[in-house]
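Each chain, letter by letter, is given below.
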Protein chains: 2
Amino acid sequence: MVHPDLKILFQRLEASREAAGLTRDEVEEKLVMGPGWIKLIEEGLTEPSLGTLAAILALYGDDLHGFFADFQFGETDVIVDRHLSATEEGADLVLHFPMGPHSANVTIPDATLDEFNSVLLVLRNVLAVRDARRAIVECFLEAVRTWPHVNPSDLWYFLVAHAYQDDFNHPAESAGKDWAQSWKRAGGWSLEAIFVEHYNPQLNQHGVRLAMPTAPDEKGRLLGEMGLHGSGVVEKSDVIALGTDAHGNEHPFGVVHVKASFAERRTDDAPLSARLMASGFASPLLTMDCKAGPSTDPFNKGELGAVQGGIARVSSKRLDIERDRIFDAAFSYNANTEPTPTGTSAAARIYRCNFADPDDSFSRHMIRKWQERQGN
Amino acid sequence: MVHPDLKILFQRLEASREAAGLTRDEVEEKLVMGPGWIKLIEEGLTEPSLGTLAAILALYGDDLHGFFADFQFGETDVIVDRHLSATEEGADLVLHFPMGPHSANVTIPDATLDEFNSVLLVLRNVLAVRDARRAIVECFLEAVRTWPHVNPSDLWYFLVAHAYQDDFNHPAESAGKDWAQSWKRAGGWSLEAIFVEHYNPQLNQHGVRLAMPTAPDEKGRLLGEMGLHGSGVVEKSDVIALGTDAHGNEHPFGVVHVKASFAERRTDDAPLSARLMASGFASPLLTMDCKAGPSTDPFNKGELGAVQGGIARVSSKRLDIERDRIFDAAFSYNANTEPTPTGTSAAARIYRCNFADPDDSFSRHMIRKWQERQGN
DNA sequence: ATCGACCGGTCGC
DNA sequence: TGCGACCGGTCGA
């Protein structure tokens, strides 16, 4: 990611060091660095900060003035370092972002740079005037509207997540934030709001509504109506499902659990979910099932893994649902998640959804759950 | 954190921009940046990367050569940017590291820069030739040996954690890693090894041993001997406690749960812990109880919070232990954790320990648990 | 010096 | 491109 002209310039540092009569080891010791850093910098494989560059030059009896004395950029465009950038390749868009030690490239099929810039503009514009949640919700919904053919989980995990982690997409007043940590907080919360916004117009036609009560009293009241009290209940409840009965009265009939990814956190919601299901309430999981190994060419394969009955061993995350039924159903918005095959028996099923049409297996699940509840 | 001479240089960018006839808004729009960045850079409050600086200069018809043409550093030392640095203030050492948007300063009482450099040298030297776990274990144990009077949790959370997250303390061959994420993995695992190394010499004198079995079969065998089978048992078991009986045979008699901090992850181990205690096995928690709010002057107050019976509300983490007994005892190595007051009744007690002497409440707890088990 | 849950790169197995 | 658990800055309530 070092500009090619700067790379050539950094390669001159080797001669400067030798002229100063210093070995790489000696420089690293003087600067209190681990082994190999001077070689890496001299090879132009990493871009030192101005402070680090100046400290190295000072050891060699040089300074920034001397170092850049006869330097000029050539033909390659000089661009601002971004956490996320994109290029067009034929009819496709390729996203570029750092993924651990790799420079990752992810192809978004049939997409243009103009569309990319429009989607990111939503993020930047809303971040400039509103809160992070609003910005993430609007940017993601714009992305799935712009590219309905693309895996929503890829748009979430590769595009919105990394755009959010780009310093320069935020107003400078929030400079210095740890955007990776901020994403975990703001992204996770935004995802709940995304599902609420996406499904409510459809659900409302059937007397069902998803709510994220903000007042803690309101949330506690609704959970209390479902017989849920005690510690950990309010905090673990993401989204409350509400249904309107024949008399026009609204009643809570379940909790929707939302997770961007699983890791070991999958069982966090299990105790609450078990209590809900034991009382006949709805308790589904919505997940982006995001997970890719670090790679220059990452594949968002998710964590639910191979289906039961196949050759590969079944992941414990899949068993949690299909065998142990810790949720009454799971809906993945990752096109790479294998749904529970139709015709097989399972204690609870994994479905695959997207954002093309809110009349889908999730909304039908919730409407059915409410109708079943009224039948009781 | 911008060098004062560079700060003055960056302040010249305002005149260059005005000479080019551009407003800040126009530059931000051309560079696709959120609002305020150009002002922040022009005020010298943030150090742009060489690529970003070059891109800005290119807009103004200038380049790096011209920008540094008459620049010289003055009297302030030019130093490499480090994630963690330290200065002496009287008899104390002050650590400096970024904490979100803050530049944090933490005082280590009665400590010198020489001691700091010696402790960090252990980390760098071991990282250069061995794995991260070994390096963290040896660095932390060197730190508590060097400064036995200092809060161990502070040394863990403010010193070792941030030293580990400094790129230049690692060999360059691992450049590009996300050290914050790496710390979570390697630090958490190292903490288990630290407790094993610290306590085993003392425990061995009483026929007790802590083990971290590496072969999955071995771990599963030991857990099986305690009647524990099924999914999630092997993965959730950190450290196994073993006791030698009168016939010289070794038997597992508990699992030691280790957590650097709590967050919402505190209940992860609860189901396994409940099964252990129901069978009369030991199931204590060891924790650094690390937590500080973001601040220029962070205080590692932990998460266990106020004691029961006090004026302040009791944290749910404290209730988990003192009321709900999700572990048979908890041992915090944060000097700021309030232990369960002696004389009060609690379903399980919170103790405060340090690394000064392994003959402490934790080792005595384990020895007593093994003796009780043999009495059965 | 509030409290609580959000999540993903890492790395041993 | 296997699987699984590690943890802490963030930020609304």
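Just above sits the structure.
First, a word on what this report is: a plain description of the structure on this page. (Residues numbered from 1 in each chain as written. Chains lettered and ligands numbered in written order. Predicted model: local features only at pLDDT ≥ 70, side-chain atom pairs only at ≥ 80, totals over all residues. Heavy atoms only, no water.)

Here's the deal with the overall build of chain A
Right, on to step 1. Within chain A, the secondary structure is distributed over 15 helices and 9 strands.
Right, on to step 2. Here chain A, with 376 residues, has 51% of them falling under the buried criterion.
Right, on to step 3. A total accessible area of about 16400 Å² is found for chain A, and carbon and sulfur atoms account for 49% of it.
Right, on to step 4. Positive and negative side-chain charges in chain A, numbering 36 and 54 respectively, have mean positions lying 9 Å apart. (Helix = DSSP H or I, 4+ residues; strand = E, 2+ residues; numbered from the N terminus. Buried < 20%, exposed > 50% of the residue type's maximum accessible area, 1.4 Å probe, protein only. Areas by Shrake-Rupley, 256 points an atom, 1.4 Å probe, with all protein chains shown as cover. Lys, Arg positive; Asp, Glu negative; His and termini not counted. Charge placed at Lys NZ, Arg CZ, Asp CG, Glu CD.)

Considerations on the protein's contact with DNA strand D
Right, on to step 1. In the neighbourhood of DNA strand D, 39 residues make up the surrounding shell, with Lys177(A), Asp178(A), Ser182(A), Glu264(A) and Ser316(A) lying closest.
Right, on to step 2. Backbone atoms, meaning sugar plus phosphate, form 59% of the atoms of DNA strand D positioned within 4 Å of the protein.
Right, on to step 3. Within the contact set of DNA strand D, a phosphate oxygen lies 3.2 Å away from a side-chain nitrogen or oxygen of Arg266(A).
Right, on to step 4. Between DNA strand D and Ser261(B), the relevant distance is 2.9 Å, taken from a phosphate oxygen to a side-chain nitrogen or oxygen of the residue.
Right, on to step 5. For the surface near DNA strand D, the elements supplying multiple residues, two or more each, are helix H10 (179-204) and helix H14 (316-322) of chain A together with helix H10 (179-204) and helix H12 (233-236) of chain B.
Right, on to step 6. Residue contributions to the surface near DNA strand D peak at 5 residues, all from H10(A).
Right, on to step 7. In terms of residue class, the surface near DNA strand D is built from 11 nonpolar, 9 polar and 19 charged. (Near = heavy atom within 4 Å. Polar contact = N/O pair within 3.5 Å; in protein donor to acceptor, adjacent residues only side chain to side chain. Nonpolar A, V, L, I, M, F, W, Y, C, P; charged D, E, K, R; others polar.)

Some details on the pairing of strand E8 (residues 329-332) of chain A
Residues and elements named next belong to chain A.
Right, on to step 1. Of the two faces of E8, both are covered, the one formed by Ala329 and Phe331 as well as the one formed by Ala330 and Ser332.
Right, on to step 2. Note that strand E7 (residues 285-287) and E8 share 3 bridges and pair parallel. Across the sheet, the residue bridging to Leu285 is Ala330, located in E8.
Right, on to step 3. Where E8 lies against strand E9 (residues 349-352), 4 bridges are found, and the strand directions are parallel. Considered in E9, the bridge of Ser332 is made with Arg352. (Pairing = 2+ DSSP bridges.)

Here we look at the sheet that holds strand E9 (residues 349-352) of chain B
Residues and elements named next belong to chain B.
Right, on to step 1. Taken together, the 6 strands give an open sheet; going across it, the order is E4-E5-E6-E7-E8-E9, and neighbouring strands pair in mixed fashion. Of all strands in the sheet, those with a lone pairing partner are strand E4 (208-211) and E9, marking the two edges. Each strand of the sheet is rotated relative to its neighbour by a mean of 25°, with strand direction disregarded.
Right, on to step 2. Here E4 runs beside strand E5 (residues 239-244); their pairing, made up of 4 bridges, is antiparallel. For Val208, the partnering residue across the bridge sits in E5 and is Gly243. (Axes fitted to C-alpha atoms, helices over the stretch in contact; angles between N-to-C directions.)

As for helix H9 (residues 152-164) of chain A
Right, on to step 1. Burial within H9(A) is extensive, with 12 of its 13 residues counted as buried.
Right, on to step 2. Of the surrounding elements, those touching the buried residues of H9(A) are strand E2 (92-99), strand E3 (102-108), helix H7 (113-129), helix H8 (132-146) and H10 of chain A. (Contact = heavy atoms within 4.5 Å.)

Description of the pattern of salt bridges
Right, on to step 1. Considering all chains together, one arrives at 42 salt bridges over all chains under this definition.
Right, on to step 2. A salt bridge links Arg17(A) to Glu42(A); the shortest N-O distance between them is 2.5 Å. Of the two residues, Arg17(A) is situated in helix H2 (residues 13-19) and Glu42(A) in helix H4 (residues 37-42); the sequence distance between them amounts to 25 residues.
Right, on to step 3. For Arg17(A), a relative accessible area of 5% puts it in the buried group.
Right, on to step 4. Classification of Glu42(A) by relative accessible area gives buried; the value is 3%.
Right, on to step 5. The salt bridge partner of Arg134(B) is Glu197(B), with a shortest N-O separation of 2.7 Å. In this pair, Arg134(B) is assigned in helix H8 (residues 132-146) and Glu197(B) in helix H10, connecting sequence segments 63 residues apart.
Right, on to step 6. Members of the salt-bridge network, linked through shared partners, are Glu14(A), Arg17(A), Arg24(A) and Glu42(A). (Salt bridge = Lys/Arg side-chain N within 4 Å of Asp/Glu carboxyl O.)

Points about the relation of the copies chain A and chain B
Right, on to step 1. Mapping chain A onto chain B leaves a residual RMSD of 0.0 Å; the transformation is a rotation of 180° accompanied by 0.0 Å of translation along its axis. In symmetry terms, the pair is related by a two-fold rotation axis.
Right, on to step 2. Here 100% of the interface residues in chain A have copies in chain B that are interface residues too; the copies meet face to matching face. (Least-squares fit on C-alpha atoms with pLDDT ≥ 70 in both.)

Some words on the packing of aromatic side chains
In this description, a pair of aromatic rings is defined by centroid distance and the angle of the planes.
Right, on to step 1. Taken as a whole and assessed by the stated rule, the structure comprises 39 aromatic pairs over all chains.
Right, on to step 2. Ring geometry for Phe10(A) versus Phe67(A): centroids 6.2 Å apart, planes at 15°, classification stacked. Of this pair, Phe10(A) sits in helix H1 (residues 4-10) while Phe67(A) sits in helix H6 (residues 64-67), and the two are 57 residues apart along the sequence.
Right, on to step 3. Residue Phe10(A) is classed as buried on the basis of its relative accessible area of 0%.
Right, on to step 4. Here the aromatic rings of Phe195(A) and Tyr333(A) are separated by 4.8 Å at their centres, their planes lie at 50°, and the arrangement is tilted. One end of the pair, Phe195(A), is in helix H10; the other, Tyr333(A), is in the loop between E8 and E9, and 138 residues separate them in sequence. Each member of the pair Phe195(A) and Tyr333(A) is classed as buried.
Right, on to step 5. Following the ring pairs from residue to residue traces out a cluster consisting of Phe10(A), Phe67(A), Phe68(A), Phe71(A), Phe73(A), Phe10(B), Phe67(B), Phe68(B), Phe71(B) and Phe73(B).
Right, on to step 6. Here Arg185(A) stacks its cationic end above the ring of Trp189(A), 5.9 Å away from the centre of that ring.
Right, on to step 7. Its guanidinium or amino end placed over the ring of Phe281(B), Arg373(B) lies 4.0 Å from that ring's centre, counting from NZ or CZ. (Phe/Tyr/Trp six-rings, centres within 6.5 Å; stacked < 30°, edge-to-face > 60°. Lys NZ or Arg CZ within 6 Å of the ring centre and 35° of its normal.)

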